[in-house]
Amino acid sequence: MWRALGRACSGLAYLVFLPLACLWAGFASAGGPNAILPWPDNEGPLRRVVMQVAEDEADRILPLLSTLLPQLQTTTEVEIVCASQVDQRRTMELVSALKLERPERVRVHHFSAVETIWARDRFLAGVDSRGAVCLLSPPEASTALVGDFAVAGFLVGRHPNWQNRRSVLRLEGGDVLVGRKTILVGGTTVRRAGELYGPLSAADFNLLLGEDFNKNVVCVPEFERVEPVEGHLDYHLDMFITWLHDDSVLLGDIDWGAELAEKFLAEGGRLAGPPEEEEVNTSVPMEDIRARLELARRALVRAGIRVHRVPLYVIPDRGYFVTYNNMLQEETPQGRIAYLPYYDASPLDREAARVYSRHGYTVKWVDVRQIYSLQGALRCVVNVVERGAPKQGL
């Protein structure tokens, strides 16, 4: 009761002071005094990434690591945080077996508070007004090194020049897509703002976002069209939207994906699935997903963002995605690279590669067959903490 009362009071206090905040926060693009500039998804080389190995999840994440680590640039620093010492040892043995160039750039830590492999959702990363790396944790994150969101504090303890701040909103990185000029946020972020502060107008929501972000923000779907999701999974934006290098986007197309999957399955193909005993979601009807994608398309177009399409397959009796949106990209001296999730599902894989190649990317595949049934893929497990300066002329 006291926690609920405190939350209600803090929300009321914030809304009381929102008019005053207008004097200095301005629009969402102006940013409050503690706002950060998040690293864009579509610009610059990868300088440092963070991944997590939750207890008993090493068998899922190690195949992904074994295909990702050898393909990253030798200038990319990697920090892997493991929940158990057993998994730390197994991860270190894998890194040694890969015989990487500059193996010292991969650091494997033990931190028992790790509870998930979804590193992207534990904090957002960017730079503050002074150019210092800043990790933005949810408001419920403990100041002690305990709990699901403690990884940011653990990392800051190893990098004294970094900062760990509390966000105003309850943010998850999978629902925040950062372009050069614009940040896209999804319905999950809107709904969780309502949980913290009560009913909000679009103007109030933009002011809250301005506390955290020093960039223009667009809601996808539009703020007024966000509806409660009863009994269905509320998928993050990065499951079906990707920023491209020219600030257009790729939007998943489930009809295209279904057509390709039907051909694949008719030819005897088989998608890797979870263990039989694993609980899966079966409550998401295709029409619901199709409607959400159309709302997303309309919001993007109204915001002046060009929309291209890429195959997206939703497994009908399972409710999880074969997605090529949940990926990583970077600019290197050799050109743009798209690290795409690999499902061993041609022609889906092949068609996705053609789409990214057409937009100027060299495709590198990363095996996600052991994790995608958990409702995520590559971008979900890799949190980009630092990027380098964008390359001119690419």
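Residues numbered from 1 in each chain as written. Predicted model: local features only at pLDDT ≥ 70, side-chain atom pairs only at ≥ 80, totals over all residues. Heavy atoms only, no water.

With that settled, consider empty space enclosed by the protein. If you walk through the whole model with that rule in mind, you get four cavities of 30 Å³ or more. Of the volumes computed, that of the largest cavity is approximately 140 Å³. In this structure, the largest cavity is lined by 14 residues; those nearest its centre are Trp-39, Asp-41, Arg-120, Ala-125 and Val-178. The set of elements that each furnish at least two residues to the lining of the largest cavity consists of β5 (124-127), β8 (176-178) and β18 (383-387). Take the lining of the largest cavity: its biggest share by element is three residues, from β18. When the residues that make up the lining of the largest cavity are grouped by side-chain class, the tally is eight nonpolar, two polar and four charged. (1 Å grid on protein atoms, 1.4 Å probe; cavity = no way out; pocket = protein on both sides within 12 Å on 5 of 7 lines; lining within 4 Å. Points joined across faces, edges and corners; volume = space filled by probe spheres on them. Helix = DSSP H or I, 4+ residues; strand = E, 2+ residues; numbered from the N terminus. Nonpolar A, V, L, I, M, F, W, Y, C, P; charged D, E, K, R; others polar.)

Turning next to the nonpolar core. Counting 99 residues, the largest nonpolar core has Leu-135, Leu-184, Phe-240, Ile-241 and Tyr-356 as its most contacted members. By residue number, the principal contributor to this core is helix α2 (residues 58-68), which donates six residues. Core analysis: the next-biggest nonpolar cluster, separate from the first, contains 24 residues, Val-176, Val-178, Val-185 and Val-217 among them. (Core = buried A, V, L, I, M, F, W, Y, C linked by side-chain atoms within 4.5 Å. Buried < 20%, exposed > 50% of the residue type's maximum accessible area, 1.4 Å probe, protein only.)

Quick look at the sheet that holds β8 now. Strand order in the open sheet formed by three strands is β8-β9-β10, with mixed pairing between adjacent strands. Edge strands, defined here as strands with exactly one partner in the open sheet, are β8 and β10 (216-220). Each neighbouring strand pair of the sheet contributes to a mean axis angle of 25°, computed without reference to strand direction. As judged from the three bridges shared by β8 and strand β9 (residues 182-186), these two strands associate in the antiparallel manner. Its bridge partner being in β9, Val-178 is matched across the sheet by Ile-183. Against the sheet, helix α5 (residues 187-197) makes contact with β9 and β10, and its axis sits at roughly 70° relative to β9, the strand it touches most. (Pairing = 2+ DSSP bridges. Axes fitted to C-alpha atoms, helices over the stretch in contact; angles between N-to-C directions. Contact = heavy atoms within 4.5 Å.)

All we've got here are geometric facts, nothing functional implied.
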